[in-house]
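Letter by letter, the chains look like this.
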Amino acid sequence: MDFKRARAQLIEHLRTEIKDERVLATMASVPRELFVTPEQRHLAYEDRPLPITYEQTISQPFIVALMTQELELHGKEKVLEIGTGSGYQTAILAELVQSVVTVERLEPLAKAAKKILAELGYQNVSVHLAGEILGWPEGAPYDAIIATAAAPAVPADLLAQLAIGGSIVIPVGSLHQQELCKFTRRKGKTHVAYLGGCRFVALIGKGAWEKEKRKLF
Ligand code: SAH
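Note that the structure is a prediction, hence the values are computed from the model and not measured.

(A) Geometry of the pattern of salt bridges. Taken as a whole, this structure holds 7 salt bridges when the rule is applied. The residue Arg7 makes a salt bridge to Glu33 at a minimum N-O spacing of 3.4 Å. Taken together, the residues span a long stretch of sequence, with Arg7 in helix α1 (residues 3-14) and Glu33 in the loop between α2 (21-27) and β1 (50-51) at a distance of 26 residues. No difference in accessibility class separates Arg7 from Glu33, as the two residues are buried. One salt bridge in this structure joins Lys182 and Glu72, with 2.6 Å as the shortest N-O distance. Of this pair, Lys182 sits in strand β8 (residues 178-186) while Glu72 is found in the loop between α3 (61-70) and β3 (78-82), placing the two residues 110 residues apart along the sequence. Classification of Glu72 as partly exposed rests on a relative accessible area of 48%. Through salt bridges that share partners, Glu12, Arg15 and Glu21 make up one connected network.

(B) Molecular detail of the site of the ligand. Around the ligand sit 24 residues, and of these Thr57, Ser86, Glu104, Thr148 and Ile204 come closest. The contact in question runs from a nitrogen atom of the ligand to an N or O atom on the side chain of Glu81, over 3.4 Å. Here a nitrogen atom of the ligand sits 2.6 Å away from a polar atom, N or O, in the main chain of Ile204. For the ligand, whose free accessible area comes to 580 Å², the fraction covered by protein is 98%. Its residues assigned to classes, the shell around the ligand comprises 12 nonpolar, 9 polar and 3 charged.

(C) Quick look at the side chain of Thr148. As for its position among the elements, Thr148 is in the loop between β6 (142-147) and α6 (156-159). Engagement of the side chain of Thr148 in a polar contact is seen with the backbone oxygen of Gly83, the distance being 2.7 Å. Residue contacts for Thr148: discarding those within four places in its chain leaves Glu81, Ile82, Gly83, Gln89 and Phe200.

(D) Inspection of the nonpolar core at higher detail. If you look at the biggest cluster of nonpolar residues, it comprises 48 residues, and the most contacted ones within it are Leu14, Met27, Phe35, Leu73 and Tyr88. Going through the elements one at a time, α1, α2, α3, α4 (88-96), α5 (107-119), β5 (125-129) and β6 are the ones with two or more residues in this core. Looking at this core element by element, the count peaks at 6 residues for α4. Leave out the neighbours within four places in its chain, and Leu73 touches Arg22, Thr68, Val79, Leu93, Leu96, Val97 and Ala144. Core analysis: the next-biggest nonpolar cluster, separate from the first, contains 22 residues, Trp136, Ile145, Ala151 and Ile168 among them.

Cut-offs applied
Residues numbered from 1 in each chain as written. Predicted model: local features only at pLDDT ≥ 70, side-chain atom pairs only at ≥ 80, totals over all residues. Heavy atoms only, no water. Salt bridge = Lys/Arg side-chain N within 4 Å of Asp/Glu carboxyl O. Helix = DSSP H or I, 4+ residues; strand = E, 2+ residues; numbered from the N terminus. Buried < 20%, exposed > 50% of the residue type's maximum accessible area, 1.4 Å probe, protein only. Near = heavy atom within 4 Å. Polar contact = N/O pair within 3.5 Å; in protein donor to acceptor, adjacent residues only side chain to side chain. Areas by Shrake-Rupley, 256 points an atom, 1.4 Å probe, with all protein chains shown as cover. Nonpolar A, V, L, I, M, F, W, Y, C, P; charged D, E, K, R; others polar. Contact = heavy atoms within 4.5 Å. Core = buried A, V, L, I, M, F, W, Y, C linked by side-chain atoms within 4.5 Å.

If you want it as C-alpha cells, here you go:
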C-alpha cells in the first residue's frame, strides 16, 4: 500500500476544514500507519478513529487536527497531553512545540507509545504512567493542555496545571457523546469556546469518571 499517497490525500481532505498550515504540514509528515495495529494498517489514512488495544482508540485525524489547531501553538510551548494511547497525537505535538509531557493510565499502551516515539527520534517527549491526580502536576504550569479522553466537566486539577493565558482542549459530556471544548484560563476567570460534537473514550480518575462506577480497565 502506498502510505505516502494515502497520507497526502488525507491532508487534502483535512484542508477543507483545517486552516493551520503548520498543523497540516505536520500531519503530512507523521506516519500514522506506525501507530495503529498491523490489522488496521490499511485503514490508517481513513478519516476515522481506529481501535488500538485495551478497548481504546486512536483519534480520528480530523479531530487530531482540530484539537491541535485550537491549541494555537507557535513552537516554544510546553504542552501536557492526557491519554497518550497510541502516541500519534503526541508525535504531532512533539513536531510543533518545545516539549511534550504525556500521561497514560494503561501501562502497556504507555510502554508501546514510548517505544515508537523513541524509534521515530522524538527527544522532546516524556511519557508517564498516570498517578492519583489527573495530568502531571510535577511539570506544571503548561502553556497548553490537551485531553484525548472525555470528562463529565473540565477537571479542576487540569485547569490548575494550566498557565494563565493558556488553553485546555477537552471533550466534555456523557460517556457516549461529548462536545469538544476549549477553556482558556484568564486571571480570575475561565473563558469557554465550543468546537463541535465528538465521541471519545472515558477519562478515568478522580475529577473525571471514577473507575468504580463502570467496568473499565
Ligand atoms: N491520543 C490518543 C488517544 C487514545 S484514547 C491517540 O490518538 O492514540 C484515550 C487514552 O486515554 C486511552 O489510552 C486511555 O487509557 C487514556 N486515559 C484514560 N484516563 C486517563 C487518565 N486519567 N490519565 C491518563 N490517561 C488516561
